[in-house]
Amino acid sequence: MKPTLKLAPSMLSADFAKLAEEFKAIKDGGAHYLHIDVMDGIFVPSISFGMPVIKSIRKCTDMFFDVHLMIVDPVRYIEEFAKSGADLITFHLEATEDPQAVIDEIRRNNCKVGISIKPKTPFADVAPYMDKVDMLLVMTVEPGFGGQKMMPETLDKVREARAFVTEKGLTTDIQVDGGVKFDNINLPLEAGANVFVAGSAVFGPDTLGETKRFCEYLAKEQAE
Ligand code: DX5
Ligand code: ZN
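All of these numbers come straight from a predicted model, not from anything done at the bench.

Trainee: What should I look at first to understand the overall build of the protein in this one?
Mentor: Regarding its fold elements, the protein presents eight helices and eight strands. Here the protein, with 224 residues, has 55% of them falling under the buried criterion. Only carbon and sulfur atoms are counted for the fraction: they give 53% of the accessible area of the protein, which is about 9,900 Å². Side chains of the protein carry 25 positive and 34 negative charges; the gap between the two charge centres is 3 Å.

This is the structure:
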(Lines give C-alpha, C1' and ligand atoms only; values in the text may rest on other atoms or scores of the structure.)
(Ligands and ions follow the chains in the order given, each with its own letter.)
Protein backbone atom coordinates (compact mmCIF):
# COMPACT_ATOMS: atom_id res chain seq x y z
CA MET A 1 0.00 0.00 0.00
CA LYS A 2 1.17 3.50 -0.84
CA PRO A 3 2.26 5.44 2.27
CA THR A 4 0.23 8.54 3.12
CA LEU A 5 1.87 11.75 1.89
CA LYS A 6 1.98 14.50 4.49
CA LEU A 7 3.11 18.11 4.75
CA ALA A 8 4.73 19.27 8.00
CA PRO A 9 5.34 23.04 7.95
CA SER A 10 8.23 24.03 10.22
CA MET A 11 7.26 26.66 12.75
CA LEU A 12 10.84 27.96 12.79
CA SER A 13 10.03 30.07 9.73
CA ALA A 14 6.68 31.34 11.06
CA ASP A 15 6.09 34.88 12.27
CA PHE A 16 6.41 34.46 16.04
CA ALA A 17 4.41 37.63 16.62
CA LYS A 18 1.28 36.01 15.16
CA LEU A 19 1.60 32.27 15.64
CA ALA A 20 -2.12 31.61 16.10
CA GLU A 21 -2.84 33.13 12.66
CA GLU A 22 0.02 31.19 11.08
CA PHE A 23 -1.26 27.91 12.52
CA LYS A 24 -4.78 28.63 11.31
CA ALA A 25 -3.42 29.26 7.80
CA ILE A 26 -1.50 25.99 7.60
CA LYS A 27 -4.42 24.04 9.03
CA ASP A 28 -6.92 25.63 6.62
CA GLY A 29 -4.45 24.95 3.81
CA GLY A 30 -4.53 21.23 4.63
CA ALA A 31 -1.17 20.68 6.37
CA HIS A 32 -1.01 17.44 8.33
CA TYR A 33 1.56 18.14 11.06
CA LEU A 34 3.08 21.17 12.73
CA HIS A 35 6.85 20.56 12.74
CA ILE A 36 8.45 22.06 15.84
CA ASP A 37 12.25 22.47 15.86
CA VAL A 38 13.86 22.48 19.30
CA MET A 39 17.56 23.50 19.33
CA ASP A 40 19.87 23.63 22.33
CA GLY A 41 22.92 25.52 21.02
CA ILE A 42 25.10 22.42 21.64
CA PHE A 43 23.87 19.68 19.32
CA VAL A 44 23.37 22.44 16.75
CA PRO A 45 24.87 25.93 16.79
CA SER A 46 21.58 27.76 17.20
CA ILE A 47 18.95 28.00 19.97
CA SER A 48 15.24 28.10 19.13
CA PHE A 49 12.68 27.52 21.90
CA GLY A 50 11.59 24.86 24.36
CA MET A 51 8.82 23.48 26.50
CA PRO A 52 7.08 26.69 27.65
CA VAL A 53 6.50 27.76 24.05
CA ILE A 54 5.12 24.37 23.05
CA LYS A 55 2.85 24.31 26.09
CA SER A 56 1.55 27.72 25.20
CA ILE A 57 0.87 27.04 21.50
CA ARG A 58 -0.86 23.78 22.44
CA LYS A 59 -3.73 26.00 23.62
CA CYS A 60 -4.24 27.69 20.26
CA THR A 61 -4.18 24.77 17.81
CA ASP A 62 -5.28 21.16 17.74
CA MET A 63 -2.77 20.26 15.02
CA PHE A 64 -0.55 17.18 15.37
CA PHE A 65 2.70 18.30 17.05
CA ASP A 66 5.72 16.77 15.33
CA VAL A 67 8.55 17.76 17.69
CA HIS A 68 12.09 17.53 16.27
CA LEU A 69 14.61 17.56 19.10
CA MET A 70 18.06 18.79 18.11
CA ILE A 71 19.40 18.49 21.63
CA VAL A 72 22.09 16.41 23.34
CA ASP A 73 21.08 13.56 25.65
CA PRO A 74 17.37 13.86 24.78
CA VAL A 75 16.20 11.23 27.28
CA ARG A 76 16.39 13.90 30.02
CA TYR A 77 13.53 15.94 28.58
CA ILE A 78 11.14 13.48 26.95
CA GLU A 79 8.60 13.54 29.77
CA GLU A 80 8.48 17.34 29.77
CA PHE A 81 8.04 17.56 26.01
CA ALA A 82 5.27 14.97 26.17
CA LYS A 83 3.54 16.89 28.94
CA SER A 84 3.91 20.10 26.94
CA GLY A 85 1.78 18.60 24.17
CA ALA A 86 4.02 16.70 21.73
CA ASP A 87 2.29 13.99 19.69
CA LEU A 88 5.44 12.65 18.05
CA ILE A 89 8.96 13.15 19.36
CA THR A 90 11.94 12.75 17.05
CA PHE A 91 15.44 12.56 18.52
CA HIS A 92 18.84 12.34 16.82
CA LEU A 93 20.71 9.05 16.72
CA GLU A 94 23.93 11.07 17.06
CA ALA A 95 22.73 12.78 20.26
CA THR A 96 22.54 9.73 22.51
CA GLU A 97 24.60 6.74 23.60
CA ASP A 98 21.48 4.63 24.10
CA PRO A 99 18.85 5.11 21.37
CA GLN A 100 16.71 2.25 22.69
CA ALA A 101 16.36 3.98 26.08
CA VAL A 102 15.12 7.14 24.35
CA ILE A 103 12.63 5.12 22.28
CA ASP A 104 11.37 3.41 25.46
CA GLU A 105 11.04 6.72 27.27
CA ILE A 106 9.03 8.27 24.39
CA ARG A 107 6.71 5.23 24.34
CA ARG A 108 6.32 5.37 28.12
CA ASN A 109 5.04 8.89 27.64
CA ASN A 110 2.51 7.74 25.00
CA CYS A 111 3.98 9.64 22.09
CA LYS A 112 4.87 8.40 18.64
CA VAL A 113 8.59 7.92 18.09
CA GLY A 114 10.84 9.38 15.41
CA ILE A 115 14.58 8.90 14.98
CA SER A 116 16.73 11.18 12.87
CA ILE A 117 20.08 11.05 11.11
CA LYS A 118 22.25 13.94 9.98
CA PRO A 119 23.58 14.08 6.39
CA LYS A 120 26.86 12.28 7.19
CA THR A 121 25.32 9.44 9.21
CA PRO A 122 24.78 6.31 7.09
CA PHE A 123 21.40 4.59 6.95
CA ALA A 124 23.03 1.38 8.25
CA ASP A 125 23.49 3.04 11.67
CA VAL A 126 19.76 3.54 12.08
CA ALA A 127 18.54 0.38 10.32
CA PRO A 128 18.39 -1.70 13.56
CA TYR A 129 15.78 0.74 14.94
CA MET A 130 13.51 0.92 11.90
CA ASP A 131 11.00 -1.61 13.26
CA LYS A 132 10.97 0.13 16.66
CA VAL A 133 10.03 3.65 15.57
CA ASP A 134 7.08 5.23 13.76
CA MET A 135 9.17 7.56 11.65
CA LEU A 136 12.69 7.98 10.30
CA LEU A 137 13.77 11.57 9.66
CA VAL A 138 16.50 11.85 7.07
CA MET A 139 17.98 15.34 7.34
CA THR A 140 18.46 16.84 3.87
CA VAL A 141 20.56 19.72 5.28
CA GLU A 142 22.92 19.98 8.26
CA PRO A 143 20.50 20.62 11.13
CA GLY A 144 20.57 24.02 12.77
CA PHE A 145 18.98 26.61 10.52
CA GLY A 146 16.03 27.07 8.21
CA GLY A 147 16.46 28.37 4.69
CA GLN A 148 19.38 26.15 3.58
CA LYS A 149 19.71 24.37 0.25
CA MET A 150 18.79 20.69 0.02
CA MET A 151 21.78 18.34 -0.23
CA PRO A 152 20.83 15.99 -3.10
CA GLU A 153 23.30 13.31 -1.97
CA THR A 154 21.16 12.69 1.14
CA LEU A 155 18.39 11.34 -1.08
CA ASP A 156 20.31 8.09 -1.62
CA LYS A 157 19.63 7.35 2.05
CA VAL A 158 15.94 8.00 1.51
CA ARG A 159 16.01 5.44 -1.32
CA GLU A 160 17.85 2.98 0.90
CA ALA A 161 15.38 3.51 3.74
CA ARG A 162 12.35 3.08 1.48
CA ALA A 163 13.79 -0.14 0.02
CA PHE A 164 14.43 -1.42 3.56
CA VAL A 165 10.92 -0.56 4.78
CA THR A 166 9.33 -2.18 1.73
CA GLU A 167 11.47 -5.29 1.94
CA LYS A 168 10.73 -5.82 5.63
CA GLY A 169 7.02 -4.99 5.25
CA LEU A 170 7.24 -2.12 7.76
CA THR A 171 4.95 0.92 7.97
CA THR A 172 7.63 3.33 9.22
CA ASP A 173 7.16 6.81 7.78
CA ILE A 174 10.12 8.44 6.05
CA GLN A 175 10.41 12.19 6.62
CA VAL A 176 12.74 14.66 4.95
CA ASP A 177 13.68 18.02 6.46
CA GLY A 178 15.68 20.88 5.02
CA GLY A 179 15.54 22.83 1.77
CA VAL A 180 12.24 21.34 0.59
CA LYS A 181 10.65 23.75 -1.91
CA PHE A 182 7.70 23.50 -4.26
CA ASP A 183 10.04 23.08 -7.21
CA ASN A 184 12.16 20.27 -5.70
CA ILE A 185 9.71 18.30 -3.52
CA ASN A 186 9.42 15.80 -6.39
CA LEU A 187 13.01 14.67 -5.68
CA PRO A 188 12.52 13.36 -2.11
CA LEU A 189 9.06 12.13 -3.14
CA GLU A 190 10.50 10.04 -5.96
CA ALA A 191 13.24 8.81 -3.62
CA GLY A 192 10.55 7.41 -1.31
CA ALA A 193 9.90 10.01 1.41
CA ASN A 194 6.29 10.43 2.49
CA VAL A 195 6.44 13.18 5.14
CA PHE A 196 7.80 16.55 4.00
CA VAL A 197 8.99 19.31 6.30
CA ALA A 198 9.02 22.76 4.72
CA GLY A 199 9.71 25.96 6.61
CA SER A 200 10.77 28.94 4.54
CA ALA A 201 8.84 27.62 1.52
CA VAL A 202 5.55 27.65 3.44
CA PHE A 203 5.61 30.55 5.90
CA GLY A 204 5.66 34.04 4.45
CA PRO A 205 3.34 36.62 2.96
CA ASP A 206 0.93 33.92 1.69
CA THR A 207 1.16 31.05 4.15
CA LEU A 208 -2.33 29.78 3.30
CA GLY A 209 -1.70 29.84 -0.45
CA GLU A 210 1.69 28.13 -0.21
CA THR A 211 0.31 25.43 2.09
CA LYS A 212 -2.52 24.75 -0.35
CA ARG A 213 -0.12 24.57 -3.28
CA PHE A 214 1.96 21.87 -1.52
CA CYS A 215 -1.05 19.97 -0.23
CA GLU A 216 -2.82 19.93 -3.58
CA TYR A 217 0.35 18.59 -5.19
CA LEU A 218 0.68 15.86 -2.56
CA ALA A 219 -3.02 14.93 -2.88
CA LYS A 220 -2.59 14.60 -6.64
CA GLU A 221 0.52 12.42 -6.22
CA GLN A 222 -1.30 10.34 -3.61
CA ALA A 223 -4.17 9.66 -5.99
CA GLU A 224 -1.93 8.52 -8.87
C1 DX5 B 1 16.71 22.62 10.33
C2 DX5 B 1 15.31 22.31 10.82
C3 DX5 B 1 14.28 22.43 9.76
C4 DX5 B 1 14.10 23.80 9.15
C5 DX5 B 1 13.62 23.63 7.75
O6 DX5 B 1 17.62 22.29 11.32
O7 DX5 B 1 15.26 21.00 11.34
O8 DX5 B 1 13.03 21.90 10.19
O9 DX5 B 1 13.23 24.63 9.85
O10 DX5 B 1 13.57 24.85 7.12
P11 DX5 B 1 13.62 25.02 5.55
O12 DX5 B 1 12.41 24.30 5.00
O13 DX5 B 1 13.53 26.50 5.37
O14 DX5 B 1 14.90 24.43 5.05
ZN1 ZN C 1 13.24 20.02 11.73
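Trainee: Would you take a moment to explain the side chain of glutamate 221 for this structure?
Mentor: Positionally, glutamate 221 belongs in helix α8 (residues 207-223). One buried charge, glutamate 221, has no salt-bridge partner; the nearest side chain with opposite charge is lysine 220, at 4.2 Å.

Trainee: For this particular structure, what's the right way to read unusual backbone geometry?
Mentor: Leave glycine aside and you will find that most residues have negative phi; peptide bonds, for their part, are mostly trans. A positive phi angle is found at aspartate 73, which is not glycine, with a value near 50°. Checked against the element boundaries, aspartate 73 lands in the loop between β3 (64-70) and α3 (78-84). Judged by relative accessible area, aspartate 73 falls into the partly exposed class, the value being 36%.

Trainee: What's the story with the site of ligand 1 in this structure? I'm lost.
Mentor: Near ligand 1 lie 20 residues; those nearest to it are Asp37, Gly144, Asp177, Gly199 and Ser200. Serine 10 is positioned with one of its side-chain polar atoms (N or O) 2.9 Å from an oxygen atom of ligand 1. Between glycine 199 and ligand 1, the recorded distance is 2.7 Å, taken from a backbone N or O atom to an oxygen atom. Counting residues per element, the shell around ligand 1 draws most heavily on strand β2 (residues 33-39), at three residues. Of the residues in the shell around ligand 1, the class split is eight nonpolar, ten polar and two charged.

Trainee: Looking at this structure, how should I read the coordination of the zinc ion (ligand 2)?
Mentor: Ideal geometry at a metal gives 109.5 degrees between four tetrahedral donors and either 90 or 180 degrees between six octahedral ones. For the zinc ion (ligand 2), the protein coordination sphere consists of His35 (NE2), Asp37 (OD), His68 (ND1) and Asp177 (OD), at 2.0 to 2.3 Å. Taken together, the six donor atoms surrounding the zinc ion (ligand 2) define angles of 69 to 169° at the centre, an arrangement classified as octahedral. In primary-sequence terms, the residues that donate to the zinc ion (ligand 2) follow H-x1-D-x30-H-x108-D. You can see histidine 68 sitting in strand β3 and its partner aspartate 177 sitting in strand β7 (residues 173-177), a full 109 residues away along the chain.

Trainee: So what exactly am I meant to see when it comes to the sheet that holds β7 here?
Mentor: Strand-to-strand pairing in sheets goes through backbone hydrogen bonds, with the strands running parallel or antiparallel. Taken in spatial order, the eight strands of this open sheet run β1-β8-β7-β6-β5-β4-β3-β2, and their pairing is parallel. Strands at the two margins of the open sheet, each flanked by one partner only, are β1 (6-9) and β2. For this sheet, the mean inter-axis angle between neighbouring strands, taken without regard to orientation, is 25°. Where strand β6 (residues 135-139) lies against β7, five bridges are found, and the strand directions are parallel. Looking across to β7, one finds that methionine 139 is bridged to aspartate 177. With respect to the sheet, helix α4 (residues 99-108) is in contact with β4 (88-92) and β5 (112-117), its orientation differing from that of β5 by roughly 150°. Contacts from α8 reach β1 and β8 (195-198), with the element oriented near 160° to β1.

Trainee: For this particular structure, what's the right way to read α4?
Mentor: Think of an α-helix as 3.6 residues a turn; residues three or four steps apart then line up on the same face. Every buried residue belonging to α4 is among Pro99, Val102, Ile103, Glu105 and Ile106, and all of these are buried. Axial view of α4: buried residues confined to an arc of 165°, hence all on one face. Structurally, α4 contributes buried residues whose contacts are with α3, β4 and β5. Just downstream of α4, asparagine 110 is the residue with a positive phi angle, here 60°.

Trainee: Would you take a moment to explain the pattern of salt bridges for this structure?
Mentor: Pairs can form between side chains of opposite charge whenever their charged atoms are close. The tally for this structure, following the rule as stated, stands at twelve salt bridges. Note that lysine 132 is salt-bridged to aspartate 131, the shortest N-O span being 3.2 Å. Taking the relative accessible area as the measure of exposure, aspartate 131 reaches 53% and is therefore exposed. The closest approach of N and O atoms between glutamate 210 and arginine 213, which form a salt bridge, is 3.3 Å. You can see glutamate 210 and its partner arginine 213 sitting in helix α8, three residues apart, about one turn around the helix.

Trainee: Can you help me understand the pairing of β6 in this one?
Mentor: A regular strand places its side chains on the two faces of the sheet in alternate fashion. Counting buried positions along β6 gives five out of five residues, so the element sits mostly inside the fold. Every second residue of β6 is oriented toward a common face, with Met135, Leu137 and Met139 on one face and Leu136 and Val138 on the other, all of them buried. Examined bridge by bridge, β5 and β6 share four bridges and lie parallel to one another. By the bridge assignment, glycine 114 is partnered in β6 with methionine 135. The β-α-β motif built from β6, the intervening helix α6 (residues 155-168) and the parallel element β7 has right-handed crossover chirality.

Cut-offs and rules
Residues numbered from 1 in each chain as written. Chains lettered and ligands numbered in written order. Predicted model: local features only at pLDDT ≥ 70, side-chain atom pairs only at ≥ 80, totals over all residues. Heavy atoms only, no water. Helix = DSSP H or I, 4+ residues; strand = E, 2+ residues; numbered from the N terminus. Buried < 20%, exposed > 50% of the residue type's maximum accessible area, 1.4 Å probe, protein only. Areas by Shrake-Rupley, 256 points an atom, 1.4 Å probe, with all protein chains shown as cover. Lys, Arg positive; Asp, Glu negative; His and termini not counted. Charge placed at Lys NZ, Arg CZ, Asp CG, Glu CD. Salt bridge = Lys/Arg side-chain N within 4 Å of Asp/Glu carboxyl O. Near = heavy atom within 4 Å. Polar contact = N/O pair within 3.5 Å; in protein donor to acceptor, adjacent residues only side chain to side chain. Nonpolar A, V, L, I, M, F, W, Y, C, P; charged D, E, K, R; others polar. Donors = N, O, S within 2.8 Å, 3.2 Å for Na, K, Ca; no water. Tetrahedral: all angles 85-135°; square planar, octahedral: opposite > 155°, others 65-115°. Pairing = 2+ DSSP bridges. Axes fitted to C-alpha atoms, helices over the stretch in contact; angles between N-to-C directions. Contact = heavy atoms within 4.5 Å. Arc of directions from axis to C-beta. Right-handed = clockwise from strand over helix to strand, strands pointing away.

Function cannot be inferred from these measures alone, as they are strictly geometric.
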